[in-house]
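This is what each chain is made of:
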Amino acid sequence: MIRVAQCWDDGVLNDARLADIFRKYQAKATFNINPGLREPNTRTNKWKYQDFEVQGLSLAEMPSVYKGFKVASHTMRHPNADKIPVADFVREAVDARKYIEDHFQQEAPGFAWPCGVTTDDTVKALSDCGFAYGRTTKNVESVLPVAEPLRLHSNCHFLNPNFWDIFAKARPSGVFYFWGHSYELKNDEAKWADFDAKIARLSAEPDVQWIDVIDIVR
Ligand SMILES: [Zn+2]
């Protein structure tokens, strides 16, 4: 058996289409959001990924988009951990957790580091205030054993050209964990079809069991 986990960052409109694919194949997923960067009732439209205008979900539509999935703190406003005082960073992380607990009817012990940046002080501080894990952007061949849950590494980014080789190499460890941003699929139908097929293939593997990211560390 291989347990498979995935997570997606930044709370953008493409997550809605992503979530529909996951529902279709009964895949689990965690979405890491920045509530402080989003508007209550309107979609934000503040940056471009290559030629694609990325839209942020409105706060109002997030609960229905993410219904049935886990939501985790990615801080309120996406500061890098080495750029602001530790206490401010902790507040950013905890306020997002509280926002999620209040609006999504779920506990939110998970965390994803903005831009993957960690510091020893913020790692300790987030552990002290009860975060169960913090995902970095570092790739490792084996996610297990988790040496430091607040520096939880994944196997790969979802668009890694060697995705299936990495999956095969992760098999002996019993866990495969990948991550990404749904905006990287842009409005490129070929990319969406390819991704749909990827999730379908994982779900069709007889020994794959989808898990939430939190299950890796619990
Ligand atoms: Zn991010």
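Bear in mind the structure is a predicted one, so any value in this text is a computation, not a measurement.

### A short note on unusual backbone geometry
Next up, step 1: Cis geometry is adopted by the peptide bond preceding Pro145, which originates at Leu144 and carries an omega value of -5°.
Next up, step 2: The topology assignment puts Pro145 in the loop between β6 (135-139) and β7 (152-154).
Next up, step 3: One non-glycine residue, Gln26, lies in the positive phi region at around 50°.
Next up, step 4: By the secondary structure assignment, Gln26 is in the loop between α1 (14-24) and β2 (30-33).

### Observations regarding the environment of Asp82
Next up, step 1: Tracing the backbone through its elements, the reader meets Asp82 in the loop between β5 (70-73) and α3 (86-103).
Next up, step 2: According to the relative accessible area criterion, Asp82 is partly exposed, its value standing at 45%.
Next up, step 3: Non-local contacts of Asp82, meaning those with residues more than four positions away in its chain, are made with Val117 and Thr119.

### A short note on the coordination of the zinc ion
Next up, step 1: Summarising the metal site, the zinc ion is bound by the protein donors Asp10 (OD), His74 (NE2) and His78 (NE2), whose distances to it range over 2.1 to 2.2 Å.
Next up, step 2: Linear spacing of the donor residues for the zinc ion on their chain is D-x63-H-x3-H. Residue Asp10 is found in the loop between β1 (2-9) and α1, and its partner His78 is found in the loop between β5 and α3; the two are separated by 68 residues along the sequence.

### A word on the UniProt feature "domain: NodB homology" (unreviewed entry) in the chain
Next up, step 1: UniProt annotation of "domain: NodB homology" (unreviewed entry) refers to residues 2-218 when read in the numbering used here.
Next up, step 2: Across residues 2-218, the secondary structure splits into 33% helix and 21% strand, with the terminal C-alpha atoms separated by 16 Å.

### With respect to empty space enclosed by the protein
To locate leftover empty space, one rolls a probe as large as a water molecule over the atoms.
Next up, step 1: Within the structure shown, the criterion is met by one cavity of 30 Å³ or more.
Next up, step 2: When its volume is computed, the largest cavity comes out at roughly 80 Å³.
Next up, step 3: Looking at the largest cavity, the residues that line it are Thr30, Lys70, Val71, Ala72, Gln106, Glu107, Pro109, Gly110, Tyr133, Ile214 and Arg218.
Next up, step 4: Ranked by residues supplied to the lining of the largest cavity, first place goes to β5 with three residues.
Next up, step 5: Broken down by class, the residue content of the lining of the largest cavity amounts to five nonpolar, three polar and three charged.

### As for the nonpolar core
Next up, step 1: With 37 residues, the main nonpolar core has Trp8, Phe22, Phe31, Tyr66, Phe176, Phe178 and Phe195 as its most contacted residues.
Next up, step 2: With residues up to four places along the chain from it excluded, the contact list for Phe31 reads Trp8, Asp15, Leu18, Ala19, Phe22, Tyr66, Phe69, Lys70, Val71 and Ala72.

### Description of the pairing of β1
Next up, step 1: The buried count for β1 comes to seven of eight residues, which makes it a mostly enclosed element.
Next up, step 2: As judged from the three bridges shared by β1 and strand β10 (residues 208-210), these two strands associate in the parallel manner. Of the residues in β10, the one forming a bridge with Arg3 is Gln209.
Next up, step 3: Two elements, β1 and strand β9 (residues 175-180), share six bridges in a ladder whose sense is parallel. What sits directly across from Cys7, in β9, is Trp179.
Next up, step 4: The sheet contact formed by β1 and β2 spans three bridges and is parallel. Residue pairing for β2: Asp9 is matched across the bridge by Asn32.
Next up, step 5: Each parallel crossover has a hand, and for β1 linked through α1 to β2 it is right-handed.

The rules behind these values
Residues numbered from 1 in each chain as written. Predicted model: local features only at pLDDT ≥ 70, side-chain atom pairs only at ≥ 80, totals over all residues. Heavy atoms only, no water. Helix = DSSP H or I, 4+ residues; strand = E, 2+ residues; numbered from the N terminus. Buried < 20%, exposed > 50% of the residue type's maximum accessible area, 1.4 Å probe, protein only. Contact = heavy atoms within 4.5 Å. Donors = N, O, S within 2.8 Å, 3.2 Å for Na, K, Ca; no water. UniProt positions renumbered as here; feature names shortened; annotations may be inferred. 1 Å grid on protein atoms, 1.4 Å probe; cavity = no way out; pocket = protein on both sides within 12 Å on 5 of 7 lines; lining within 4 Å. Points joined across faces, edges and corners; volume = space filled by probe spheres on them. Nonpolar A, V, L, I, M, F, W, Y, C, P; charged D, E, K, R; others polar. Core = buried A, V, L, I, M, F, W, Y, C linked by side-chain atoms within 4.5 Å. Pairing = 2+ DSSP bridges. Right-handed = clockwise from strand over helix to strand, strands pointing away.

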